[in-house]
Amino acid sequence: MCCWIHVLVLLLCSLPIGRGAEPIHLGIYEKAFASADPGDITVTLNVLLDNAELDGKRPIATRYRTKAQFVQALKDGDVDIAPLEMYQYFEINKEAPLIAALGPVVEEGPAYKFVLLSNKQGGATAVLQAKSELTLLIEDRWSDPYAEQWLSQYLYQTDRSSPHNFKKVTSVNKASQAVLPVFFKQADLCVITRGALTAMTELNPQLGKQVHIIATSPPYVPFAICFRRSLNSATQARLIEQLANLHKTENGRQILLLSKATRLCKLTETDLESIRALARFAEEQRNPLKPASALTQTLSDKE
């Protein structure tokens, strides 16, 4: 996730915003990058900002340690743009109106789909009947909560159950660490992104024959570049246009490669529908979206 701090600052430093314009104020909400070392964040920002100018003006980046500080800065107009996980966007937006403006296009668009995989044939109900005896592996991307929460929602809608009923739930760092144990029948189920599964089966077609998709999630937007809603509309439009077209330049493409994104695209309400529904489900279950590190620990304690 720290990579997106680098990418966002680099992208902003690439924008020809025009002479006489005010410098862009970038807000770094530290909870949005909880998995990154604060010292690394500071050093990286200082190096990038010291070597970058927006048409003669040094971009202004400020770190906010608490939610209250970040919200107040947004209300005071001291933050123009900030990268946020979507669960943080929903949380902050209740107090300081934001616009989820742009998302990185990584697979088919700005959203990911998760797949629940099994080494057994048959429908989801048949596979999950013995869930108390099953071992589940979850690919943990950017310490996000979306795979776990989707699985909670899916199981609840299927038979009013939850991942807490599994014999063992383990979070792993890479898709291969989730899929291969299922392939070799060392684990029963795993959740990874559909894009990761496609890449793996292209390299190993036998994998696609041995591992079966028993459920696919809706598309979820996990991350957004957000503007404060009161930011001048002309500035918003200019930033969106320039950021969304950076992939057309060699410099922009190289910067985007840092995050494995092909481009940035403007987010629409349709893009956000499924992640909003997931957030509502989480609230209804009194288990709001939160970093996967906390949720996975809870699940692991149920072994």
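Bear in mind that the values here come from a model prediction, so they are computed numbers and not experimental data.

A.B. asks: I would appreciate a short explanation of the packing of aromatic side chains in the present structure.
C.D. replies: Given two aromatic rings, one states the distance between the centres and the angle between the planes to describe the pair. If you walk through the whole model with that rule in mind, you get seven aromatic pairs. Here the aromatic rings of phenylalanine 183 and phenylalanine 184 are separated by 4.9 Å at their centres, their planes lie at 80 degrees, and the arrangement is edge-to-face. Here phenylalanine 184 falls in the exposed class, since its relative accessible area comes to 54%. Each residue in the set Tyr29, Tyr64 and Phe70 is aromatic and connected to the rest through ring pairs, giving one cluster.

A.B. asks: Any chance you could explain the sheet that holds strand β9 (residues 212-216) here in plain terms?
C.D. replies: By definition, the strands of a sheet pair up through backbone hydrogen bonds, in either a parallel or an antiparallel sense. Read from one edge to the other, the open sheet built from five strands follows the order β7-β6-β8-β5-β9, with strand pairing classed as mixed. Only two strands of the sheet have a single neighbouring strand rather than two, namely β7 (168-172) and β9. Geometrically, the sheet is characterised by an average inter-axis angle of 25 degrees between neighbouring strands, direction not taken into account. Its contacts with the sheet place helix α7 (residues 175-183) against β5 (114-118), β6 (135-139), β7 and β8 (189-193), and it is angled at close to 145 degrees to β8.

A.B. asks: Teacher, can you tell me more about helix α4 (residues 86-93) here?
C.D. replies: Residues lying three or four places apart along an α-helix face the same way, a consequence of the helix completing one turn every 3.6 residues. Along α4, six of the eight residues are buried, which leaves the element largely enclosed by surrounding structure. Within α4, the full set of buried residues consists of Met86, Tyr87, Gln88, Tyr89, Phe90 and Ile92.

A.B. asks: What's the story with the nonpolar core in this structure? I'm lost.
C.D. replies: Soluble globular proteins tend to pack their nonpolar side chains together in the buried interior. One finds Phe70, Met86, Leu116, Leu136, Trp150, Val191 and Ile275 to be the most contacted residues of the largest nonpolar core, which totals 43 residues. Those residues in contact with leucine 136 that sit more than four places away from it in its chain are Leu116, Leu151, Phe166, Lys168, Val169, Thr170, Leu189, Cys190 and Val191. Counting residues in hydrophobic clusters, the runner-up holds 18 residues, among them Leu26, Ile81, Phe227 and Ala261.

A.B. asks: Even after reading the chapter, I still don't get the confidence of the model for the chain, so can you show me in this structure?
C.D. replies: Any region with low pLDDT has predicted coordinates that should not be read closely. Put simply, the chain has an average pLDDT of 75, and 68% of its residues get 70 or more. No element of the chain has a lower mean pLDDT than helix α13 (residues 292-300), which averages 34, and none a higher one than helix α3 (residues 67-75), which averages 95. A low-confidence stretch, residues 51-56 stays under pLDDT 50, and its non-local contacts, those more than four residues away or across chains, total 13 contacts. Across residues 291-303, where pLDDT falls below 50, the model places 25 contacts with residues more than four positions away in sequence or in other chains.

Conventions and cut-offs
- Residues numbered from 1 in each chain as written.
- Predicted model: local features only at pLDDT ≥ 70, side-chain atom pairs only at ≥ 80, totals over all residues.
- Heavy atoms only, no water.
- Phe/Tyr/Trp six-rings, centres within 6.5 Å; stacked < 30°, edge-to-face > 60°.
- Buried < 20%, exposed > 50% of the residue type's maximum accessible area, 1.4 Å probe, protein only.
- Pairing = 2+ DSSP bridges.
- Helix = DSSP H or I, 4+ residues; strand = E, 2+ residues; numbered from the N terminus.
- Axes fitted to C-alpha atoms, helices over the stretch in contact; angles between N-to-C directions.
- Contact = heavy atoms within 4.5 Å.
- Core = buried A, V, L, I, M, F, W, Y, C linked by side-chain atoms within 4.5 Å.
- pLDDT = per-residue confidence, 0-100.

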